[in-house]
Amino acid sequence: MKHRILALAIAALGAHTALTAWPAHASTPAAVAAAGVEYKTVSAHYAGLVHANYSDTLAAAKDMQSAIAGFVKAPSAEGLEKARKAWLEAREFYGQTEAFRFYGGPIDDANGPEGQINAWPLDESYVDYVVGKPKTGMVNNPKFKITKAALIKANERGGEENISAGWHAIEFLLWGQDLSETGPGNRSFEDYVKGKGENVERRALYLTTATELLIDDLSAMVKAWAPNARNYRATFEKGGKESVRKMIVGMGSLSRGELAGERMEVALNSQDQEDEHSCFSDNTHRDVVANARGIQNVWLGQYQRRDGSLLQGPGVRDLVAAKNAALAEKTTAQIAASVQGAEAIPAPFDRAIAKGSAGRPAIEKTIDSLVEQSRLLVQSASSVGITKLTLVEP
């Protein structure tokens, strides 16, 4: 996420062929109307879905933390690969939570931790050595005391690319710079082996500390959305129409300004590897899929949990279907098209954005679909009496 303030008016770039929605929603428009779905039932189910998604993310991140702890204790190529795999698995769940942003909730209100969870792009040399600069970064600065408080204070200090914490700092410490045109970074496990390099123990401490901070921040999100507590969720569930407005702002903002715009259009136009989201691991193509899936989750009121079970209940689609069944189905199909488009983007993303690449059309198609779905989301909001939807994106 790039920290820019953007007030975006949603506009269409053209219609797309409707595709079958995934997964098909169990409720028909007639059944929805008969059931009398209301703002409060939709917002209450959403709160449970948010809590489930953050809980799964936290559990996966704790598995990553265990893998990292095992690796730094006894560094090996196998241990490093295990830690990398755990990072990739946890990102699948976190990426879906991005649909819960952009409306001043606990993740990104004035005191929210989003900037130290998922900020990007990251200046590698701010954290550790890079090619040609072996002494650079906080890892190699003995005057910098590596603590969670220090990482928080250092995050974005002196510039928005001075990222010291979160998913991408951990990613860089696991993969290193991506210097390959065909694959991810290739940091050696020996960067963590005593006697093999400079500041090995500090690097290990930085990695474990950044991971601890991420766990703290994700835990705070789980707590904010926990049931039967005096927390943000309790207030949200009482918000009625305003809470549903926030849900649609989250979906629309991620659709157009952040995913289609900052994360795809910027990279497509610049063709610069530094503009892709997860550049060190070459996981950007999966980030796009997870983000698109997160929007679909909120729209349908469905979420596939980490244990494989399906959480299902009234979503925004159901409210819209009760008022305008045709619009609900059209929006459902468009959102499904965006997910399909995202899944068709080839890896690595930094090669797909290159001029003349066979992957560019897939990215362009997905951008167009996301823009069209944002237009339909605005129409959907209007159909249920929600009209003030200027989308502000951090």
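The rules we used
- Residues numbered from 1 in each chain as written.
- Predicted model: local features only at pLDDT ≥ 70, side-chain atom pairs only at ≥ 80, totals over all residues.
- Heavy atoms only, no water.
- Helix = DSSP H or I, 4+ residues; strand = E, 2+ residues; numbered from the N terminus.
- Rg over C-alpha atoms; globule rule 2.2 N^0.38 Å.
- Buried < 20%, exposed > 50% of the residue type's maximum accessible area, 1.4 Å probe, protein only.
- Areas by Shrake-Rupley, 256 points an atom, 1.4 Å probe, with all protein chains shown as cover.
- 1 Å grid on protein atoms, 1.4 Å probe; cavity = no way out; pocket = protein on both sides within 12 Å on 5 of 7 lines; lining within 4 Å.
- Points joined across faces, edges and corners; volume = space filled by probe spheres on them.
- Nonpolar A, V, L, I, M, F, W, Y, C, P; charged D, E, K, R; others polar.
- Contact = heavy atoms within 4.5 Å.
- Expected span 1.5 Å × (residues − 1).
- Polar contact = N/O pair within 3.5 Å; in protein donor to acceptor, adjacent residues only side chain to side chain.
- Core = buried A, V, L, I, M, F, W, Y, C linked by side-chain atoms within 4.5 Å.
- Salt bridge = Lys/Arg side-chain N within 4 Å of Asp/Glu carboxyl O.

(A) Structural view of the overall build of the protein chain. When helices and strands are tallied, the protein chain shows 15 helices and 4 strands. Scaling as 2.2 N^0.38, a compact globule of 394 residues should have a C-alpha radius of gyration of about 21 Å, and the protein chain matches this with 21 Å. Each principal axis of the C-alpha atoms in the protein chain carries an extent, and together these give about 70 × 55 × 35 Å. Out of the 394 residues in the protein chain, the part that is buried amounts to 56%. Accessible area of the protein chain: about 15,800 Å², with a carbon and sulfur share of 52%.

(B) Inspection of empty space enclosed by the protein at higher detail. For the structure on display, the rule yields 3 cavities of 30 Å³ or more. In this model, the largest cavity occupies a volume close to 50 Å³. W120, P121, L122, H168, E171, E274, E276, H277, C279 and F280 are the residues that line the largest cavity. Of the residues that constitute the lining of the largest cavity, the class distribution is 5 nonpolar, 2 polar and 3 charged.

(C) Molecular detail of the environment of V50. Secondary-structure assignment places V50 in helix α2 (residues 39-73). Along the chain, V50 and R233 lie 183 residues apart, while their C-alpha atoms are 9.4 Å from each other. Excluding anything up to four places from it in sequence, V50 contacts F100 and W225.

(D) Main features of the environment of L319. Here L319 lies in helix α12 (residues 316-323). In this structure, the C-alpha to C-alpha distance between L319 and V42, residues 277 residues apart in sequence, is 7.8 Å. Those residues within four positions of L319 in sequence are excluded, and the remaining contacts are V37, E38, Y39, V42, V244 and V384.

(E) Just helix α7 (residues 167-175), in detail. Across the 9 residues that make up α7, a large majority, 9, are buried. The complete set of buried residues in α7 reads W167, H168, A169, I170, E171, F172, L173, L174 and W175. Of the residues one or two after α7, G176 is the one with positive phi, at around 75°.

(F) Helix α15 (residues 360-383), seen in detail. Helix length check: α15 (24 residues) gives 35 Å between terminal C-alpha atoms against 34 Å at 1.5 Å per residue, within 8%. Two residues or fewer past α15, G385 is found with a positive phi of approximately 85°.

(G) The arrangement of the side chain of E98 in detail. With respect to the helices and strands, the residue E98 is situated in the loop between α3 (77-97) and α4 (114-117). At a separation of 2.6 Å, a polar atom in the side chain of E98 contacts the side chain of R263. Here E98 is in contact with E114, N118, L254, R263, H277 and N291, once residues within four sequence places are set aside.

(H) Structural detail: the nonpolar core. Counting residues in each nonpolar core, the largest one holds 106 residues, and the members touching the most others are Y46, F100, W167, I170, Y206, W225 and I363. No other element matches α2, which puts 14 residues into this core.

(I) The arrangement of unusual backbone geometry in detail. A cis amide bond, omega -5°, links W120 with the succeeding residue P121. Relative to the assigned elements, P121 resides in the loop between α4 and α5 (124-127). A cis geometry characterises the amide bond from A347 onward to P348, with omega recorded as -5°. Secondary-structure assignment places P348 in the loop between α13 (325-343) and α14 (349-352). Its identity is not glycine, yet E156 carries a phi of approximately 65°, on the positive side. Positive phi, normally seen in glycine, also occurs at N199, with a value near 55°. Examined against the element boundaries, N199 turns out to sit in the loop between α7 and α8 (200-224).

(J) How the structure looks around the pattern of salt bridges. Following the criterion strictly, the structure yields 23 salt bridges and no others. Two residues, R84 and E81, come together in a salt bridge whose shortest N-O distance is 3.9 Å. Taken together, the positions of R84 and E81, both in helix α3 and 3 residues apart, correspond to about one turn of that helix. Residue classification places R84 among the buried residues on the basis of a relative accessible area of 9%. Residue E81 is classed as partly exposed on the basis of its relative accessible area, which comes to 45%.

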